[in-house]
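# Chain and residue survey
Residue-level listing of the chains:
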Amino acid sequence: MKRMHLHVSVPELEPAIRFYSQLFATQPSVVKGDYAKWMLEDPRVNFAVSARGAPVGLNHLGIQAEEAVELEELGQRLDDIDADVHEEMGTHCCYAQSDKYWTTDPAGIAWESYHTLGSIPMFGAQDEGTGDCCVPEGTSTVSCGPASDNEAKGCC
């Protein structure tokens, strides 16, 4: 079963945690110094916020696959519509190791399809502390325009 994923960049983490905890009537399942995540069942959503210097607002949308075969099906769907897909296998971001496919929808919104393999102790492989959360260049967020190539710049 898949889960919708939403990631919002915020200017400050604590007010966001207070707001979303009240809205969702539950505390986050993961809290770090720059990141928080709620794994909601009703609605079935992985909702994350981060305060890492990215433009404030919607960072990206996504679909979290619970099984590797589900991720492969999502990747095939993207191939079938001839989407420009950036593949990241075994990547380290958002305190997790994951296999991912990134693309941009017709409105310019970054979409991440992924399957989490395990947790890691830092935000990303390089943990630079700034930048967009894993959104590869060439895959834009709502807050900024498209980049020119597909090299990953940061992590989520």
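Residues numbered from 1 in each chain as written. Predicted model: local features only at pLDDT ≥ 70, side-chain atom pairs only at ≥ 80, totals over all residues. Heavy atoms only, no water.

### Details of the overall build of the protein chain
Formally: Each helix is a run of DSSP H or I of at least 4 residues and each strand a run of E of at least 2, with the numbering of both proceeding from the N terminus. The contact definition used throughout considers only heavy atoms, calling two residues in contact when any of these lie within 4.5 Å. Computed with the Shrake-Rupley method and a 1.4 Å probe, the accessible areas treat only the protein chains shown as cover for residues.
The number of helices and strands found in the protein chain is 2 helices and 8 strands. Of the contacts formed within the protein chain by residues at least 6 apart in sequence, a portion of 58% connects residues at least 24 apart. Surface summary for the protein chain: the accessible area is close to 7,800 Å², and the carbon and sulfur share equals 52%.

### Some remarks on the sheet that holds strand S8 (residues 110-119)
Filter applied, for reference: Each pair of strands is called paired provided DSSP finds at least two bridges between the two strands. Fitted lines through C-alpha atoms give the axes, limited to the stretch in contact for helices. The angle between two N-to-C directions lies from 0 to 180 degrees.
Read from one edge of the open sheet, 8 strands run S2-S3-S4-S1-S5-S8-S7-S6, paired in mixed fashion. Every other strand in the sheet has two partners, leaving strand S2 (30-32) and strand S6 (86-93) as the edge strands with one partner each. Adjacent strand axes in the sheet meet at a mean angle of 25 degrees, parallel and antiparallel pairs treated alike. Summarising the sheet, strand S1 (residues 3-9) and strand S5 (residues 57-64) pair through 7 bridges and their orientation is antiparallel. Of the residues in S5, the one forming a bridge with Ser9 is Gly57. Running at roughly 15 degrees to strand S7 (residues 96-104), helix H2 (residues 68-80) makes contact with S5, S7 and S8 of the sheet.

### Some points on the pairing of S5
Pairing between S5 and S8: 4 bridges, direction parallel. When the bridges of S8 are listed, Ile63 appears paired with Ser113.

### Examining the side chain of Asn46
The condition is simple: Under the rule applied, a polar contact is a pair of N or O atoms within 3.5 Å (in protein, one hydrogen donor and one hydrogen acceptor; residues adjacent in sequence only if both atoms are side-chain atoms).
Among the secondary structure elements, Asn46 is positioned in strand S4 (residues 44-50). A distance of 3.0 Å separates the side chain of Asn46 from the side chain of Gln64, its partner in a polar contact. At 2.8 Å, the side chain of Asn46 and the side chain of Tyr114 are in polar contact. Leave out the neighbours within four places in its chain, and Asn46 touches Arg3, Met4, His5, Leu6, Lys37, Trp38, Met39, Gln64 and Tyr114.

### Overview of the environment of Gly124
Quick reminder of the rule: Three exposure classes are used, based on accessible area relative to the maximum for each residue type with a 1.4 Å probe and protein chains only: buried under 20%, partly exposed in between, and exposed over 50%.
By the element assignment, Gly124 lies in the segment after S8. For Gly124, a relative accessible area of 1% translates into the label buried. Residues Gly124 and Ala96, spaced 28 residues apart in sequence, show a C-alpha to C-alpha distance of 7.9 Å.

### Overview of the pattern of salt bridges
Here is the rule: Salt bridges are identified by distance alone: a Lys or Arg side-chain nitrogen within 4 Å of an Asp or Glu carboxyl oxygen.
Taken as a whole, this structure holds 5 salt bridges when the rule is applied. Across the salt bridge formed by Arg44 and Glu66, the nearest N and O atoms sit 1.8 Å from each other. In this pair, Arg44 sits in strand S4 while Glu66 sits in the loop between S5 and H2, placing the two residues 22 residues apart along the sequence. You can call Glu66 partly exposed: its relative accessible area is 36%.

### Notes on the environment of Met1
Within the element layout of this structure, Met1 appears in the segment before S1. Distance in space between the C-alpha atoms of Met1 and Glu67 is 8.0 Å, their sequence separation being 66 residues. Those residues in contact with Met1 that lie beyond four places of it in its chain are Arg44, Gln64, Glu66 and Glu70.

As far as function goes, none of this settles anything; it's purely spatial.
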